[in-house]
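One letter stands for each residue in the lines below.
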Amino acid sequence: HCIGILNASNFDYEKALEHFEEVLRIRRLLSKESPDKEADLSVADTVEWIGHVEKQMENFDRAKNNYKEAILIRSMYGDESEDVANLYHCLGSIYEEIKDVDASINEYGNALRIRRQCCPGKESMLETLFALARIYKKKGKVDYALECFREAAEKKAELLTKNVKWIRDWVK
């Protein structure tokens, strides 16, 4: 798995895919032999990485299928996790890339719904809000875009305030 990640970070996507597919084959076997949450989530993790590599290679249909499979697996253990939100965000970015605006809004919306529940104070929520604003602007829904920008600005101000407080406490 780590070799696949190294290859992907070095932009050697073909080799990364080879490694991830071999890891996936082994992890699926292990998951079948002794099914449990850890084994299933390791399969989901590898499927997600394959999706990232396929996306970089602009194999968008394959990337979408991998992300959807990873969502299905992770959802068996609760779909309100940050990992699932990240997968929905990745799907939204693929749909944005292929100019399917409505599907992009839907997937970014799924990511935002989960992020509001599980990780409202993180930068990842801001990324999703900015992505939605960008898509709404493209669709001509300026009011929705401005609402996303407003919420992102409020969240950013909250994050900065927390960081300043943390720095003040640390300096004391």
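The following refers to the structure shown.

The rules behind the values
- Residues numbered from 1 in each chain as written.
- Predicted model: local features only at pLDDT ≥ 70, side-chain atom pairs only at ≥ 80, totals over all residues.
- Heavy atoms only, no water.
- Phe/Tyr/Trp six-rings, centres within 6.5 Å; stacked < 30°, edge-to-face > 60°.
- Helix = DSSP H or I, 4+ residues; strand = E, 2+ residues; numbered from the N terminus.
- Buried < 20%, exposed > 50% of the residue type's maximum accessible area, 1.4 Å probe, protein only.
- Core = buried A, V, L, I, M, F, W, Y, C linked by side-chain atoms within 4.5 Å.
- Contact = heavy atoms within 4.5 Å.

### Quick notes on the packing of aromatic side chains
Tallying each qualifying case throughout the model produces four aromatic pairs. A ring pair is formed by F20 and W49, whose centres lie 5.7 Å apart and whose planes are at 20 degrees; its orientation type is stacked. Here F20 is found in helix α2 (residues 13-33), whereas its partner W49 is found in helix α3 (residues 37-56), with 29 residues between them in sequence. For W49, a relative accessible area of 25% translates into the label partly exposed.

### Here we look at the nonpolar core
In terms of nonpolar packing, the biggest core is built from 28 residues, with V53, Y67, I71, Y88 and L91 touching the most fellow members. Elements with a contribution of two residues or more to this core: α2, α3, α4 (60-75), α5 (82-97) and α6 (101-118). Excluding residues within four positions of it along the chain, Y88 makes contact with I71, E107, Y108, N110, A111 and I114. I105, Y108, Y136 and A145 belong to the second-largest nonpolar core, a separate cluster that totals 15 residues.

### Here we look at unusual backbone geometry
Of note in the backbone geometry, F11 takes a positive phi value of approximately 65 degrees without being a glycine. For F11, the location among the structural elements is in the loop between α1 (2-9) and α2. Of note, the phi angle at K99 is positive, near 70 degrees, even though the residue is not glycine. Looking at where K99 falls in the secondary structure, it is placed in the loop between α5 and α6.

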